[in-house]
Amino acid sequence: KPASMLELAKRYVKGIGCDRNNDEAFKWLSKAAAEEHYLPAMELMGEWYLSGRGPVTSDIDAAVYWLEKAAVKDSKEALYMLGIIFMTGDRVRFDYTRAAGYFAKATELGHANATYNYGLMLTHGRGIPQNWPAA
């Protein structure tokens with residue numbers, strides 16, 4: 001059921017098999033994410049709010065909210081995106097310690113780009129103690 005809601009939201013955004021309708025897209029995606037706690041829907045909510053794509057305008061607070069909800073459910077992609085947000089200071093205050101934590105968890109879950117960024121943070125001692133052997 002939540003997978004169907006997510007698919008319906010994507011179809012409404014792109015106008016596949018129906019007219020484009022951002023209100024309907026947001027309704028179905030919100031339902032899948034908020035009511036059904038469906039991980040892929042939470043990830044997409046975060047992505048949409050981060051980029052301002054789909055039926056929403058860019059909202060970093062909403063993006064972080066949804067990505068953190070997905071991260072709690074061990075979404076390696078959400079953890080990686082959160083790491084990037086806090087490492088780059090993308091509309092938030094730089095927080096290398098927080099970024100390193102997100103990258104470390106995503107690394108444990110097998111996210112290749114997170115592993116690279118975590119290695120850079122270990123190499124340069126950003127947010128965590130410098131540790132060449134671990135890097």
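Data block above holds the structure.
Residues numbered from 1 in each chain as written. Predicted model: local features only at pLDDT ≥ 70, side-chain atom pairs only at ≥ 80, totals over all residues. Heavy atoms only, no water.

1. With respect to the pattern of salt bridges
If you walk through the whole model with that rule in mind, you get seven salt bridges. Put simply, Arg53 and Glu47 hold a salt bridge, and the shortest N to O gap is 3.7 Å. According to the relative accessible area criterion, Glu47 is partly exposed, its value standing at 25%. (Salt bridge = Lys/Arg side-chain N within 4 Å of Asp/Glu carboxyl O. Buried < 20%, exposed > 50% of the residue type's maximum accessible area, 1.4 Å probe, protein only.)

2. As for the nonpolar core
Among soluble globular proteins, nonpolar side chains are generally buried collectively. In this structure, Leu29, Tyr49, Leu82, Ile85 and Phe86 are the most contacted members of the largest nonpolar core, which totals 41 residues. Where this core is concerned, the elements lending two or more residues are helix 1 (2–14), helix 2 (22–35), helix 3 (39–51), helix 4 (60–72), helix 5 (76–88), helix 6 (96–108) and helix 7 (112–124). By residue number, the principal contributor to this core is helix 4, which donates eight residues. For Ile85, the contacting residues outside a window of four places in its chain are Leu50, Ile60, Val64, Leu67, Asp90 and Val92. (Core = buried A, V, L, I, M, F, W, Y, C linked by side-chain atoms within 4.5 Å. Helix = DSSP H or I, 4+ residues; strand = E, 2+ residues; numbered from the N terminus. Contact = heavy atoms within 4.5 Å.)

3. Describing helix 4
Compared with an ideal rise of 1.5 Å per residue, which puts 13 residues at 18 Å, helix 4 spans 18 Å between its outermost C-alpha atoms and is within 8% of the ideal. Among all positions of helix 4, only Ile60, Ala62, Ala63, Val64, Trp66, Leu67, Ala70 and Ala71 are buried. Buried residues in helix 4 make contact with helix 2, helix 3, helix 5 and helix 6. Taking the backbone nitrogen of Asp61 as reference, a side-chain oxygen 3.1 Å away marks Asp59 as the first, capping residue of helix 4. (Expected span 1.5 Å × (residues − 1). Polar contact = N/O pair within 3.5 Å; in protein donor to acceptor, adjacent residues only side chain to side chain.)

4. Side note on helix 5
Compared with the 18 Å implied by 1.5 Å per residue over 13 residues, the 18 Å span of helix 5 between its first and last C-alpha is a close match. All of the buried residues along helix 5 are Ala78, Leu79, Tyr80, Met81, Leu82, Gly83, Ile85 and Phe86. Looking at the buried positions of helix 5, the neighbouring elements they touch are helix 3, helix 4, helix 6 and helix 7. Looking at the residues trailing helix 5, positive phi occurs at Gly89, about 70°.

5. A short note on the packing of aromatic side chains
Throughout the structure, instances matching the rule amount to five aromatic pairs. Centre to centre, the rings of Tyr65 and Trp66 are 5.1 Å apart; their planes meet at 85°, and the pair counts as edge-to-face. Taking the relative accessible area as the measure of exposure, Tyr65 reaches 44% and is therefore partly exposed. Cation over ring: Arg126 sits above Tyr96, and NZ or CZ is 5.8 Å from the ring centre. (Phe/Tyr/Trp six-rings, centres within 6.5 Å; stacked < 30°, edge-to-face > 60°. Lys NZ or Arg CZ within 6 Å of the ring centre and 35° of its normal.)

6. Description of the side chain of His111
With respect to the secondary-structure elements, His111 resides in the loop between helix 6 and helix 7. Within polar-contact distance, the side chain of His111 engages the backbone nitrogen of Ala114 at 3.1 Å. In this structure, His111 is in contact with Lys76, Glu77, Tyr80 and Ala106, ignoring residues within four places of it in sequence.

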